[in-house]
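Tertiary structure, described
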Amino acid sequence: MALKLIQRLPLLGQAGIQRYSPVGPMSIIRLLRSRNMDKLFCVACLCTSAGRCIQKQGCQKVQLDFGKMSLSTVVRDPSFFTTGSVGLHRDSVPRFRLTQLHRPTDTKEQAFQQHLRSCSSSRQVLKVLRTLEIMSDTMAAAALHRVADLEQDGHALKDPTVLEQDTIRALCFQLEQDSERLTDAGLVSALLACTRLFLDPWSTLMVRLVSESQERLDRGQMAVGQLCSLGQAMLAMEGPGCVMLEQVMEQIQKQEPAQWSLADVTAVYSLLQGGVGEDGKYQDLLNAMHTHAVSITSRMDPVAVSRLLSALVTLNQTQAMPLVINLCKQAVRHVPHFTDEELTLVLGALMHFGHSDHYFVEAMERYVPTMAFTSHPETVTKVMQFFGRRNILSPPVFDIVAESFVYRADDYSTSQVARQIMPFGKLGYLPPNASEVFRKVENILRTRFSHFQPRMLLNLLHSCILVERFPVNYVSKVFSSYFLQQLQEQGTGMDRIILAQLTQLYMTVKLECPFYEGPRLLPKYRVKSFLMPGRSLETPVDTHLYNSVKNGLVDLLGARSYFGSKVLTPYCYTLDVEIKLDEEGYMLPACHNDDTYKRIALCIDGQKRFTTNTRQLLGKEAIKQRHLRLLGYEVVQIPYYEFEKLRNKSSVVEYLHQKIFPHSYRLSW
């Protein structure tokens, strides 16, 4: 793009657009037509409160159309402005002079940046600009960035007319006029700001900034941060295939990451995240960056922590776990200081990499009660997703979110409603105000049922049954042919987990809601087993724990033939161990199906069947044991935390006897 721009500069010159400022006594004034007004303005007139044009030759108006956004820019004699930083008429629209002379002190620049951050609208930014007496090029670029922060809405501006403001026009004019005299930092920052404001790439301002950036890039003297800003701008203009962007990356790769500052590291990660590092490109550079980043995480602020974690997710750097762990530790310090957006990124990254530690959980438990009623709904939703995904049951978090849900759920999207309720079902937890929570869920289902995406609705209803909340009024709609067709058409269609959820939902209403008289789930939509590879409605038995229990059962029962292992029932559940008894209480061989009077199902529950921080069964394990009891099985639970206390064979046998046959004497074989 940049090379094409430079090649077309002679053509622009023929159209009256000059690459360099004119050197004659006569000034050439260039204006763009306003999208909303047919009237053309002379910027020289706009920049003064005088009653007439200040140009000696009078107003000179030239009509040009550069397509996208319209900005009034003016090229005048270099002598029109005296040297200095920025000058403003006290009673007029600003006239900016941007040079490297008499730059504001660092203290003043920092104060200006802080003032910009406090602005909540673009009009406030413009008001700040009008009050200034001096300004550097980096301050001017920062002002444009702040306008972009406040006005960006996806791939457009909320209020495009902000670009028609006199202050913005005058500022852009001076950036264009002084492009050769801008510092490297000011130049690339201004170019990046213009891309964020969606200015026309073929406008005079953009052409000059890009061509000047190319010249500076060719000299090979730009700092890492400046290269990244330029790379971001070219990425926005042309995408990852840009030739100029490749040149930027070549220069970055020549640098030594171990010597980079924290700002440089963050900037390069963000550039690679933007699309430059896709498909595994620059992995050697990334590896070197990971090593350096680990050593400086203790100096990272909330912005840096969230940006790095977000970049690692986008770039799928699963091998960078040491860095992820260090960033998580640093995040503990910043939990109360993260913005909603930053916290959302951090939680998303920790879920992606499957990492958390108890210090971070404790920090969240202290923070969530302070933000559940005020933070953005998506942030609260992400909090619940994090605890649900990591199987962390935190009553302080779940209870306060449940309270906020009752008051705020009407303003949530249907996706946010479902994703906040799903962790309650997954972890099998009911908050103190459960009746109010599920009453609110039912109200939302009644008023916004058609707004739910089919899969999200199924996830919500399935989560309800895990905690014994039965949305019978809406299950009949789920089993309708219309809804099932919608499920088939969405995403990847009817995968096994969806069929398993439908089957368990149907089994629940048949077992626990005998008054249900709605449509049946057709056999073709049912599965035969809830235990399946990957995501499953049952947790596979822990092999080591199972073997220990099996050996104890052989000693207790006298032979291996008296119990079955991993038995698939007609009801889709898989039993870890099944023991059969006849009517008199005598054991039957596992292969014997006749005269079976009683079936005992042993649930050998390893750590993965419980929440990670408590001894509470996951929702899917609780519903399994509940259903087995309703189906006539005597369920005996063998939890890992009890079995691990047993030190020898005799204690194991005694324990199993008390669990399985608590009311009978044990025989010695």
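Starting from 1, residues in each chain are numbered consecutively following that chain's sequence as written. Reporting of local features is limited, given that this is a predicted model, to residues whose pLDDT is at least 70; pairs of side-chain atoms are given and counted only at 80 or more, and all residues count toward the totals for whole chains, interfaces and linings. Hydrogen atoms and water are omitted, and side-chain values are computed over all heavy atoms in the structure.

**Re the overall build of the chain**
To qualify as a helix, a DSSP run of H or I must reach at least 4 residues; to qualify as a strand, a run of E must reach at least 2; elements of each kind are numbered from the N terminus. Tallying secondary structure elements over the chain gives 29 helices and nine strands in all. In the chain, buried positions account for 55% of the 669 residues. Restricting to contacts in the chain with at least 6 residues of sequence separation, those with at least 24 account for 72%. Accessible surface computed for the chain: about 30900 Å², of which carbon and sulfur atoms make up 50%. Each residue's exposure class comes from its accessible area (1.4 Å probe, protein chains only) as a fraction of the maximum for that residue type: buried when under 20%, exposed when over 50%, partly exposed otherwise. For this analysis, residues touch if any pair of their heavy atoms sits within 4.5 Å. Accessible surface is estimated by sampling points in the Shrake-Rupley manner with a 1.4 Å probe; for residues, cover comes only from the protein chains shown.

**Concerning the environment of Arg 609**
Inspection of the secondary structure puts Arg 609 in the loop between β8 (598–605) and α27 (619–630). On the accessibility criterion, Arg 609 (1% relative accessible area) is buried. Those residues in contact with Arg 609 that lie beyond four places of it in its chain are Thr 539, Pro 540, Val 541, Asp 576, Cys 603, Ile 604, Gln 616, Leu 617, Leu 618 and Glu 621.

**A look at the confidence of the model for the chain**
Scored between 0 and 100, pLDDT is the confidence that the predictor attaches to each residue. On average, residues of the chain carry a pLDDT of 85, and 83% of them reach 70 or more. Under a pLDDT of 50 for its full length, residues 1–93 has, in the predicted model, 218 contacts with residues more than four places off or in other chains.

**Describing the packing of aromatic side chains**
Only Phe, Tyr and Trp rings take part, Trp by its six-membered ring, and two of them pair if their centres are within 6.5 Å. Stacked means planes under 30 degrees apart, edge-to-face means over 60, and tilted covers everything else. Per the stated rule, a full pass over the model turns up 14 aromatic pairs. When the centroid spacing of 5.9 Å and the interplanar angle of 85 degrees are considered together, the rings of Phe 398 and Tyr 429 count as edge-to-face. Taken together, the positions of Phe 398 in helix α19 (residues 395–408) and Tyr 429 in the loop between α20 (414–426) and α21 (434–448) put the pair 31 residues apart, joining distant regions of the chain. Comparing Phe 398 with Tyr 429, the two get one shared label, buried. With a centroid separation of 5.4 Å and an interplanar angle of 85 degrees, the aromatic rings of Tyr 640 and Tyr 641 are classed as edge-to-face. Pair check on accessibility: Tyr 640 and Tyr 641 agree, each one buried. Each member of the aromatic cluster is reached from another via a ring pair, and the members are Phe 360, Phe 386, Phe 387, Phe 398, Phe 424 and Tyr 429. One residue, Lys 566, lies across the ring of Tyr 546, its end atom 5.3 Å from the ring centre. We call a charge positioned over a ring when the NZ of a Lys or the CZ of an Arg lies within 6 Å of the ring centre and within 35 degrees of the ring normal.

**With respect to the environment of Leu 132**
As for its position among the elements, Leu 132 is in the loop between α5 (122–130) and α6 (137–151). On the basis of relative accessible area, Leu 132 is assigned to the buried category, the value being 16%. Sequence separation of Leu 132 and Phe 112 is 20 residues, and the distance between their C-alpha atoms is 9.4 Å.

**Side note on the environment of Val 207**
Structurally, Val 207 can be placed in helix α9 (residues 204–219). Its relative accessible area of 3% is what places Val 207 among the buried residues. C-alpha separation for the pair Val 207 and Glu 176, spaced 31 residues apart in sequence, amounts to 8.9 Å.

**Some points on the nonpolar core**
Ile 252, Tyr 269, Phe 360, Phe 479 and Leu 502 are the most contacted members of the largest nonpolar core, which totals 175 residues. Residues within four places of Phe 479 in sequence aside, it is in contact with Leu 484, Leu 502, Leu 505, Tyr 506, Val 509, Tyr 516, Pro 519, Arg 520 and Leu 521. Membership of the second largest hydrophobic core comes to 27 residues, among which are Leu 556, Tyr 640, Val 653 and Ile 660. Side-chain atoms within 4.5 Å are what join buried Ala, Val, Leu, Ile, Met, Phe, Trp, Tyr and Cys residues into a set we call a nonpolar core.

**Considerations on the side chain of His 462**
With respect to the element layout, His 462 can be found in helix α22 (residues 454–466). When near neighbours in sequence (up to four residues on either side) are disregarded, His 462 contacts Gln 501, Gln 504, Leu 505 and Leu 537.

**With respect to the pairing of β8**
The side chains of a regular strand alternate, first on one face of the sheet and then on the other. The buried fraction of β8 amounts to six of the eight residues, a majority that puts the element mostly inside the structure. In terms of strand pairing, strand β6 (residues 574–581) meets β8 through five bridges, oriented antiparallel. Residue pairing for β8: Val 577 is matched across the bridge by Leu 602. Note on pairing: two strands pair once DSSP finds at least 2 bridges between them. Here β8 pairs with strand β9 (residues 634–639) via six bridges, running parallel. Looking at β9, one finds that Ile 600 is bridged to Glu 634.

**Quick word on α19**
In this model, α19 (14 residues) spans 19 Å end to end at C-alpha, consistent with the 20 Å of a helix rising 1.5 Å per residue. Within the sequence span of α19, burial applies to Val 397, Phe 398, Asp 399, Ile 400, Val 401, Ala 402, Ser 404, Phe 405, Val 406 and Arg 408. How far a helix is expected to stretch is found by multiplying one less than its residue total by 1.5 Å.

**What to know about the pattern of salt bridges**
Any two side chains of opposite charge can pair, so long as their charged atoms come close to each other. We define a salt bridge as a side-chain nitrogen of Lys or Arg found within 4 Å of a carboxyl oxygen belonging to Asp or Glu. Counted under the stated rule, the structure contains 18 salt bridges. Residue Asp 605 is joined to Arg 609 by a salt bridge in which the shortest nitrogen-to-oxygen separation is 2.9 Å. A single salt-bridge network, built from bridges that share partners, covers Asp 576, Asp 605, Arg 609 and Glu 621.

**Thoughts on the side chain of Gln 251**
Looking at where Gln 251 falls in the secondary structure, it is placed in helix α11 (residues 243–253). For Gln 251, a relative accessible area of 13% corresponds to the buried category. A 3.5 Å cut-off defines polar contacts: any pair of N or O atoms within that distance qualifies, except that in protein one atom must be a possible hydrogen donor and the other a possible acceptor, and neighbouring residues in sequence count only when both atoms are side-chain atoms. A distance of 2.8 Å separates a polar side-chain atom of Gln 251 from the backbone oxygen of Leu 217. Beyond its immediate stretch of four places on either side in the chain, Gln 251 contacts Leu 217, Gly 220 and Leu 227.

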